[in-house]
There are 2 protein chains.
Amino acid sequence: MEEALAVDILISEVGPRDGLQSVKSVMPTEQKKRWISALAEAGLTEIEVGSFVSPRALPQMADCAEVVAHGLTIPGLQVAVLVPNLKYAQMAFEAGAHQISIPVSVSEPHLISNIRKNHQEIIADVREIVKLRNERYPGVEIEAGLATAFGCTIQGVVPEDDVIRMGAIMADCDVDTINLADTVGVGNPAQIKRLFPRLRAEVGDKCGGAHLHNTRGQGLANALAALEVGVTTFDSSLGGIGGCPYAPGATGNIVTEDLVFLLEAMGLKTGVNIDKLLDARKVLAQGLPAETLYGYLPDAGLPKGFVPATLQ
Amino acid sequence: MEEALAVDILISEVGPRDGLQSVKSVMPTEQKKRWISALAEAGLTEIEVGSFVSPRALPQMADCAEVVAHGLTIPGLQVAVLVPNLKYAQMAFEAGAHQISIPVSVSEPHLISNIRKNHQEIIADVREIVKLRNERYPGVEIEAGLATAFGCTIQGVVPEDDVIRMGAIMADCDVDTINLADTVGVGNPAQIKRLFPRLRAEVGDKCGGAHLHNTRGQGLANALAALEVGVTTFDSSLGGIGGCPYAPGATGNIVTEDLVFLLEAMGLKTGVNIDKLLDARKVLAQGLPAETLYGYLPDAGLPKGFVPATLQ
C-alpha cells in the first residue's frame, strides 16, 4: 500500500464491519460502497469493510465479497475483513482481502458465546489459517484481536496474565499482528498502560493496535493512555456506531470524528481530512436513517482558529 | 472541613451552579436542596451550589442565598459559589459560603461578553474581594478560575503565555487557588500537559484544579492528561448538565458519573459511592424533567466484578 502522506497514527475504520454488524438496520450494498468510498476519500487508508460469517447469523454481512471487491477498486486502500474460522478465512482470501482479523477472546465463555469455539479450537484454527496464508496467499496480513482483553460481561474480570499468555500463543501461531480489544468497554487507562507494554515485551513488533469501545464513556481517555505507551494504530467507527449487545443503550466503538480531532489537536497527523470525514458521516446517516449516530465534534464543530496537524 | 475518608482526588461538583445556570429550566429551590443533599450523601464533599449574580440575568440563581444556607446545614460539606464582582462577593460572604470562585477569562472579549468587565477592571475587583475577605471573612477560600484558558469561541486561540501571565497576576492578588478552565471545550491533552506544569512553576501551590467541558468529547481524555501532570481536583457536573451557550447541541461539563468511574477504575479513591451517585442522578432528573442528562456509566452500569477503589 502506498500512502500519499506520512502519518503519525493509523486510524483503522471499522464502522462498515463492527458498526454495521451490531446495528439492527441492514445497509444496502450500494450504500455501503458509497460510504466506504467516502471514508477513503476522507483519507482513511485502512477500512474493515465487513465480516465473512454465516449470512443467517448476520444478514448485514451477506454481501461481504461484493463489498471487498469494491474496496479493492479504491487505490491505496488496505481492505480488511473479520473472519471467525478457517472456512470463512478461505472465503476472505479468495475475495482478495488484504488483511484478515480473527477475534480471539481471552475470556473463554465469551469466545464460546461469540463464535462457538473454545480456546483449543480457535488456536487450532488460527494455525490452519496462517498455514493456508503461507502456502497460497502470502501477501495477506493476519491479525489476532484479543477480545475481552480488559474484562468481559460474562466472565467478569479477565486476568492480565491470561491476556499475555494468549498473546504469546498467537505469536507462536505466527500471526502478524496482535491487537488488544476492549470489546465491551470496561477498560481503564491504568490497565491500558500495563497491558500494551507487557504484550510488547512478550511478542515484540507483533504487538498491534487498540480496539476500544466507548460503552462507559472512557474511550478517548483509554486511547490517550494507549498513545502514551506507544500504540500507533487505533480502530474506531464513524458515528461511533456499533453498540454492544450486552449493554443496551450504550454506544459502540470510539467515534472516528472525535478521535481524529483528539489526535490532530495534539499535533499528530492522521492523514484524515475532517471536513471530508463529516461528509462521509452524511453518507452514513443516509444509509442508516433509523440509527443514532454518536460523536461530539460533528455537533460542536472545530474550534475557532483550529488547524489540524495533517494540514500543517 | 473534616473528611471521613482520605481521598486521592477531590471532585468538586458544579452541577447546581454551572449546570443549572446553563439550562433553560429553572429548578425549584426545594428540589435544588434535595439534589444537593443527595450529592453530599453520595460522598461529594465540595459542591458549587450556585452563583450570586443578577437575578434578571440568571433567574435560575435568584435563590442562591437560601441554597447556600441549606448547604451549610450539611456536615462536612464545603459550600462554594461563583461571583462575578465585589458586590456579589459581599453577598456570598454574608451568606456564609466557604469558598468563592471568580471567573477571570484570559480572553478579554470573552470576559467582556460574560461579565462586562475588561482585564483591568476584573483584576481591581479581585484585589478588593481579597482585601474584604482578609479584613472581615478570613476563613473563606478565594479561587480564580482562568476561563477560556485553552481557547475561546470569540477570540479563537488563547496564547499560553497569556494564561500564565494572568495566573501570575491572580497569585499577586493573593487568591488562594488558580484553576484552569476549558470553558468552551476546545482543549486537548497536549495543551493540558503543558499548561498545568507551567502554571505550577509560576504560582506554586496556588495552582489548583481542572474545570473541563466535554463539548467536543475530549473531557475525560483531558482529565486523564491533567491527572498525569499532578492535578488532584476536578470540577464536574452530574449528568454533564451545563451545555455551552456558544455551541448549540453540545454538552457541558464533564460528567461526574463517568469521571468517578474513570478514577475509581484506575485505583484512585474519590470517596464517592457510585450507587448513591446514581440515586442523586434520579433526584436531578426529577428536578429537570425537560432536560437531557448525559453520561455513559448510568446506561451501561458498572462492569461485572468491578470494585471501586474507594471500597477497597
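Just above, that's the structure.
Residues numbered from 1 in each chain as written. Chains lettered and ligands numbered in written order. Predicted model: local features only at pLDDT ≥ 70, side-chain atom pairs only at ≥ 80, totals over all residues.

Explain the overall build of chain A residue by residue, including any values.
Secondary structure summary: chain A contains 12 helices and 8 strands in total. Expected size for 312 residues packed as a compact globule is a radius of gyration near 20 Å; at 18 Å, chain A falls within 12% of this value. For chain A, with 312 residues in total, the buried portion stands at 55%. If you take every contact in chain A between residues at least 6 apart in sequence, the share linking residues at least 24 apart comes to 75%. (Helix = DSSP H or I, 4+ residues; strand = E, 2+ residues; numbered from the N terminus. Rg over C-alpha atoms; globule rule 2.2 N^0.38 Å. Buried ≥ 20, exposed ≤ 12 C-beta atoms within 10 Å, placed from the backbone. Contact = placed C-beta atoms within 7 Å.)

So what about the packing of helix H2 (residues 29-41) of chain B against helix H11 (residues 274-287) of chain B? Which residues, and what values?
Residues and elements named next belong to chain B. The interhelical angle for the contact between H2 and H11, taken along N-to-C directions, is 170°, at an axis separation of 8 Å. The orientation of H2 with respect to H11, classified from their angle, is roughly antiparallel. In this structure, H2 contributes Gln31, Arg34, Trp35, Ala38, Leu39 and Glu41 to the contact, and H11 contributes Lys276, Asp279, Ala280, Val283, Leu284, Gln286 and Gly287. Residues belonging to the contact of H2 with H11 are distributed by class as follows: 6 nonpolar, 3 polar and 4 charged. (Axes fitted to C-alpha atoms, helices over the stretch in contact; angles between N-to-C directions. Parallel < 35°, antiparallel > 145°, perpendicular 65-115°, else oblique. Nonpolar A, V, L, I, M, F, W, Y, C, P; charged D, E, K, R; others polar.)

Break down the packing of helix H10 (residues 256-265) of chain B against H11 of chain B for me, with residues and values.
All names here are of chain B. In contact at an axis separation of 10 Å, H10 and H11 are set at 175° when each is read in the N-to-C sense. One way to sum up the angle between H10 and H11 is to call them roughly antiparallel. Where H10 abuts H11, its residues Thr256, Glu257, Val260 and Phe261 lie against Ile274, Leu277 and Arg281. A class-by-class count of the residues in the contact of H10 with H11 yields 4 nonpolar, 1 polar and 2 charged.

Which residues make up the sheet that holds strand S4 (residues 99-105) of chain B, and what are the values?
Residues and elements named next belong to chain B. The strand order around the closed barrel formed by 8 strands is S1-S2-S3-S4-S5-S6-S7-S8, and the pairing between neighbours is parallel. The sheet shows a mean angle of 25° between the axes of neighbouring strands, direction not considered. Taken together, the 5 bridges between strand S2 (residues 46-51) and strand S3 (residues 78-82) define a ladder with parallel strand orientation. Note on S3: the bridge partner recorded for Ile47 is Val79. Of the strands in this sheet, S2 and S3 are in contact with helix H3 (residues 64-72), which crosses S2 at around 160°. Packing against the sheet, helix H7 (residues 160-172) makes contact with S4, strand S5 (141-147) and strand S6 (177-182), and its axis sits at approximately 165° to S5. (Pairing = 2+ DSSP bridges.)

With reference to specific residues and values, describe the relation of the copies chain B and chain A.
Copy one and copy two of the chain differ by a rotation about an axis and a translation along that axis. With an RMSD of 0.0 Å, the operation that places chain B on chain A is a rotation of 180° combined with a shift of 0.0 Å along the axis. Both chain copies can therefore be described as sitting about a two-fold axis. For chain B, the residue whose C-alpha comes nearest the rotation axis is Ala221 of chain B, separated from it by 1.9 Å. By residue overlap, the copies meet face to face through one surface: 100% of the interface positions of chain B are interface positions in chain A. (Least-squares fit on C-alpha atoms with pLDDT ≥ 70 in both.)

I'd like to hear about the interface of chain B and chain A, residue by residue, with values.
Taken together, the contact between chain B and chain A spans 37 residues of the former and 37 residues of the latter. At the level of elements, helix H8 (189-203), helix H9 (219-228), H10 and helix H12 (297-300) of chain B are the ones that each hand at least two residues to the side of chain B that touches chain A. Residues belonging to the side of chain B that touches chain A are distributed by class as follows: 19 nonpolar, 14 polar and 4 charged.

Describe in detail unusual backbone geometry, supporting the description with residues and values.
Note on backbone geometry: most residues besides glycine have negative phi, and most peptide bonds are trans. Residues and elements named next belong to chain A. Positioned with a positive phi, Thr148 is a non-glycine residue whose angle comes to about 55°. By secondary structure assignment, the location of Thr148 is in the loop between strand S5 (141-147) and helix H7 (160-172). For Thr148, a count of 28 C-beta atoms within 10 Å puts it in the buried group.

Tell me about the sheet that holds strand S4 (residues 99-105) of chain A, residues and numbers included.
All names here are of chain A. If you trace the 8 strands once around the closed barrel, you get S1-S2-S3-S4-S5-S6-S7-S8, paired in parallel fashion. Ignoring strand direction, the axes of neighbouring strands in this sheet form an average angle of 25°. Contacting strand S1 (10-13), strand S2 (46-51) and strand S3 (78-82), helix H1 (residues 15-22) crosses the sheet at an angle of about 40° to S2. Docked against the sheet, helix H9 (residues 219-228) engages strand S6 (177-182), strand S7 (207-212) and strand S8 (233-236), running at close to 165° with respect to S7.

Take it as geometry only, folks, not as evidence of what the structure does.
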